[in-house]
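# Descriptive analysis of the structure
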Amino acid sequence: MTNIPETGRTPRVQIRLVVIQILVLSLLGTLGGRLWYLQIREGAQYQKEASGNHVQQVVDPAVRGDILDARGVPLADTEARLVVSASRTDLLKQRDDGKAVLTKLAGVLGVKPEDVIQKVRLCDAKTPQPCWNGSPYQPIPITDEATPKQALQIRERSEDFPGITAEPEAVRHYPGPGKSNTAQVLGYLSPVTDDEIQKAKNTDSPYLRSDMVGRSGLEREYDKELRGKAGVTRYEVDNLGRVIGKAKADPAEPGSNLVTSIDSRVQRVAEYELDKAMKAARQQVDKNTGENYKADSGAVIVMEAKTGRIVAMASAPTYDPNVWVGGISAKDYKSLTGKDSDYPLLNRAIQGQAAPGSTFKVVSTAAAVQAGYVWDGGYPCTSSYSVGGQVFRNFEGENFGPISLGRALEVSCDTVFYGLGDREWKKDGGINPKRGQPRDWFFKTAHQFGLGKETGIDLPNEVTGRVPDRQWKLDYWKANKDAWCKSGKKNGSYVEKIAYENCLEGNKMREGDEINYSIGQGDTLVTPIQEAMIYGAVANGGTEYVPTIGKAIISPDGKSVQEIKPKVQRKLPVSQATLKGMDDAFAGVITRGTAAWKFNGWPQNKIQLHGKTGTAEVYGKQTTGWLATYTKDYSVIMTIAQAGTGSGSSGEAVRNIYSALYGVQGDGSIDKKKALLPEPQKGLPKVRTDGTIAAPKVTGDPGKDAEASQKDNPSNGDSNQPAATASPTTRNRNTRRRPRRDRGRGSRRMPS
């Protein structure tokens, strides 16, 4: 007899079958529950996402708005060009990542293969320019200068150029009317990055992967207004990618046009005169070094005195902004950013800062009056000023005797300001003032003039300059103390002695510090735009305006005009009586003072011109020249680094700019027909009914035309200052100081 059931299954087998049945039922229950969740509860959401997978977007880039000068002349516009582009996605599908195709393309375009290959690589921390910093899924432009013949070769032999397209596209263009450049003011464009797309995702101005964005200048400052909104057409496609219908279409909206206060003709004259002045300076010998002046950089600004609007702004060295269009080459990028380039991308009008030299005396004079000194007091203008064994000299030992503050400005007498600064230092308690004792009028007044902070001009990356007051000295000492104490030596080289003194008392306001500061030396730094703002305020009666370039934003159809009004920044801390005294003194600088030798024959009785010269020391370099000037309409500031005196390096150029503005001929007569802008531009250019903006043509070269009108000018070409004329503020501060025998109370600070 056996124990096996009639079914033939043992109890163990039956248990196993039951377990298997339970597992199968559990799996079926789980699967059914999941299907219910996906199809019933979340079905609508997944259906929506699935439908999205069958929609493809085609982006129609928006036409970027134009940047126009004050008369409507385009400074930046859009033009149609044949653009050759490469798709990284298609190239990477090939065995060699598309190198053979790109090499073949280089042969058609007549360029080196490596130049083409470099343009399609992606930018990262280890990849230098040129490279692509936009989306890797966006077509990468290789060139926007393809000829019709080259484009036809690529399109007819498309099987030889997979991933390569040649199509007409709208691209940015900087026409340079009248041979003007305006590069640093306009800026340039480059593709949007993934980081920028993510950051702008939830803003009112999101980016698309096809967008080009402003990287500097007005292109960056007004990017949102200029960019417009790209159009997007959504197509329904099947699983094979075939279009089966149009889902939705959003038309592209062109960007608005920006009208600026720049006058392209005056801009060209300013650029031409700055370049010519720098070249002329390089032909002159620096008597202090025995070498020719290097004149390696400079800037000039023409600003409306009563509004703060910028009529012209030039920076040197400069570059052609069109090099960025269609992608920049390795050669061009190196020329803009290499160590030997002198960094032309910098806008030295707002980013260049240097000691202002005697142009700073407008601040020192106001400070002296605020501190209680009488305008017509008899202040000794001696040949030198001695402090604790150190001798601070007036230029070439000049001695004018007791003079007023106005006369001190006119002849730029350093020793008057040395004495005022020294007296205030002593009143403030000297090197160890008591709590609450320092009034610091000279430093306080500089801040009241707007120095040490941005002017607020509508350009990115403006620098602040520097007012070296007590707080700055303390902060600077804390940051550099360890390095000074490590490198300083009591009896070492000049630099080592400076470090030694700064280690011991660099946190204190020393007597020599304030003396140097009173004439715009030491650690003081200003920018050309700050000087333009200050002297413009002196011209208009004491009101500082925020410098502006944008004048109006006009919609593409011309129906909406958003005018950018002038904004008051602050009032100068100067009475009308003091301003009148300054005004007379600055007029005297032109007629009988430090700039008179460059303005012989100027029609002062018809167009009253005012000015202040300045020359500043820069340790280890040649002197930097400044010339700050104004009329009732404009302030014009020019500075050239390593070029000598302010009047010597810039006098002729500044005079020629004014001559072009007002139509002054070389013999001093005035031809109103040749005046470019005898009074500031009022109103906006005419907008036609179709939204286009009427603009006059700029013919010829305004720079050369202005130069030709000055052929009879007795001052042009004269590089030798007459001995009878009061000399410029400084030629080199070393002519004024003798090395000290002991440290005493003076400063051994390196000049800025």
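## Focus on the pairing of strand β18 (residues 550-554)
- Where burial is concerned, most of β18 is hidden: five out of the five residues are buried.
- With four bridges connecting them, strand β10 (residues 257-260) and β18 associate as antiparallel partners. Its bridge partner being in β18, V259 is matched across the sheet by A552.
- The pairing of β18 with strand β19 (residues 561-563) spans three bridges and is classified as antiparallel. The residue of β19 that forms the bridge with I554 is V561.
- Following β18, the chain reverses through six residues before pairing antiparallel with β19; G558 in that reversal takes a positive phi of roughly 80 degrees.

## What about a nonpolar patch on the surface?
- Together, V13, L17, I20, V24, L25 and L28 make up a nonpolar patch on the protein surface, roughly 520 Å² of accessible area in all.
- By the element assignment, V13 lies in helix α1 (residues 11-41).

## With respect to the pattern of salt bridges
- All told, the structure shown has 31 salt bridges when counted by the stated rule.
- Note that R592 and E410 form a salt bridge whose closest N and O atoms lie 2.8 Å from each other. Of this pair, R592 sits in the loop between α22 (576-591) and β21 (610-616) while E410 sits in helix α15 (residues 405-411); the two residues are 182 residues apart in sequence, bridging distant segments of the chain.
- Take R592: its relative accessible area is 52%, and that puts it in the exposed class.
- Looking at E410, the relative accessible area reads 4%, which means it is buried.
- Via salt bridges that share partners, R64, R172, E219, D223 and R227 belong to a single interconnected network.

## Quick look at the state of the cysteines
- One pass over the structure, following the stated rule, counts three disulfides.
- The disulfide partner of C123 is C131, and the gap between their sulfur atoms is 1.9 Å. Judged by the torsion about the S-S bond (105 degrees), the C123/C131 disulfide is right-handed.
- By relative accessible area, C123 is classed as partly exposed at 28%.

## So, the packing of helix α4 (residues 99-109) against helix α5 (residues 113-120)
- In contact at an axis separation of 8 Å, α4 and α5 are set at 125 degrees when each is read in the N-to-C sense. Classified by the angle their axes make, α4 and α5 are oblique. Along this stretch, α4 crosses α5, giving a crossing that reads as right-handed. Where α4 abuts α5, its residues L102, T103, L105 and A106 lie against P113, V116, I117 and V120.
- Residues of the contact of α4 with α5, tallied by class, amount to seven nonpolar, one polar and no charged.

## A closer look at the packing of α4 against helix α6 (residues 148-156)
- Two elements in contact, α4 and α6, have axes separated by 10 Å at closest approach and are oriented at 150 degrees. Overall, the two elements α4 and α6 adopt an arrangement that is roughly antiparallel. Handedness of the crossing formed by α4 with α6: right-handed. From α4, L105, V108 and L109 reach across to α6, where they touch Q150, Q153 and I154.

## A look at the packing of aromatic side chains
- Tallied over the entire structure, the rule returns 14 aromatic pairs.
- Between W324 and Y333 the ring centres are 6.4 Å apart and the planes differ by 90 degrees, which places this aromatic pair in the edge-to-face class.
- Take W324: its relative accessible area is 11%, and that puts it in the buried class.
- Considering the side-chain rings of F586 and Y630, the 6.3 Å spacing of their centres and the 90 degrees angle between planes classify their relative orientation as edge-to-face. Here F586, found in helix α22, pairs with Y630, found in strand β22 (residues 624-630); they are 44 residues apart in sequence, far enough to count as distant.

## Quick word on the confidence of the model for the protein chain
- Taken over all residues, the pLDDT of the protein chain has a mean of 88, while the share at 70 or more is 89%.
- The model gives residues 723-752 a pLDDT under 50, and that stretch makes 133 contacts with residues more than four places away or in other chains.

## Some remarks on the environment of T543
- When you line up the elements, T543 lands in strand β17 (residues 543-545).
- Classification of T543 by relative accessible area gives buried; the value is 9%.
- Taking the C-alpha atoms as reference points, T543 and Q569, separated by 26 residues in sequence, lie 7.5 Å from one another.
- The residues contacting T543, other than those within four sequence positions of it, are A537, V568, R570 and K571.
- Within the structure, the side chain of T543 is placed 2.6 Å from the side chain of K571, a separation counted as a polar contact.

## What to know about the pairing of β22
- Counting buried positions over the seven residues of β22 gives seven, a clear majority of the element.
- Pairing analysis gives seven bridges linking β21 to β22, with the strands arranged antiparallel. Within the sheet, the bridge partner assigned to K612 lies in β22 and is A628.
- Two elements, β22 and strand β23 (residues 634-641), share six bridges in a ladder whose sense is antiparallel. When the sheet's bridge partners are listed, G625 is paired in β23 with I640.
- Hairpin connection, β22 to β23: the antiparallel pair is bridged by three residues.

## What about the sheet that holds strand β12 (residues 310-316)?
- The five strands are arranged β12-β11-β23-β22-β21 in an open sheet whose pairing can be described as antiparallel. Bordering the open sheet on either side are β12 and β21, each of which pairs with just one other strand. Strand after strand, the sheet turns through a mean of 5 degrees between neighbouring axes, direction not considered.
- Sheet contacts for helix α21 (residues 528-540): β11 (297-304), β12, β21, β22 and β23; angle to β23, the most-contacted strand, approximately 150 degrees.
- Where helix α23 (residues 646-662) meets the sheet, its contacts fall on β11, β21, β22 and β23, and the angle it forms with β23 comes to roughly 145 degrees.

Rules of the game
Residues numbered from 1 in each chain as written. Predicted model: local features only at pLDDT ≥ 70, side-chain atom pairs only at ≥ 80, totals over all residues. Heavy atoms only, no water. Buried < 20%, exposed > 50% of the residue type's maximum accessible area, 1.4 Å probe, protein only. Helix = DSSP H or I, 4+ residues; strand = E, 2+ residues; numbered from the N terminus. Pairing = 2+ DSSP bridges. Patch = residues over 30% accessible without salt bridge, like charges linked within 9 Å, V, L, I, M, F, W, Y side chains within 5 Å. Areas by Shrake-Rupley, 256 points an atom, 1.4 Å probe, with all protein chains shown as cover. Salt bridge = Lys/Arg side-chain N within 4 Å of Asp/Glu carboxyl O. Disulfide = S-S within 2.5 Å. Axes fitted to C-alpha atoms, helices over the stretch in contact; angles between N-to-C directions. Parallel < 35°, antiparallel > 145°, perpendicular 65-115°, else oblique. Left-handed = near helix turned anticlockwise from the far one by under 90°. Contact = heavy atoms within 4.5 Å. Nonpolar A, V, L, I, M, F, W, Y, C, P; charged D, E, K, R; others polar. Phe/Tyr/Trp six-rings, centres within 6.5 Å; stacked < 30°, edge-to-face > 60°. pLDDT = per-residue confidence, 0-100. Polar contact = N/O pair within 3.5 Å; in protein donor to acceptor, adjacent residues only side chain to side chain.

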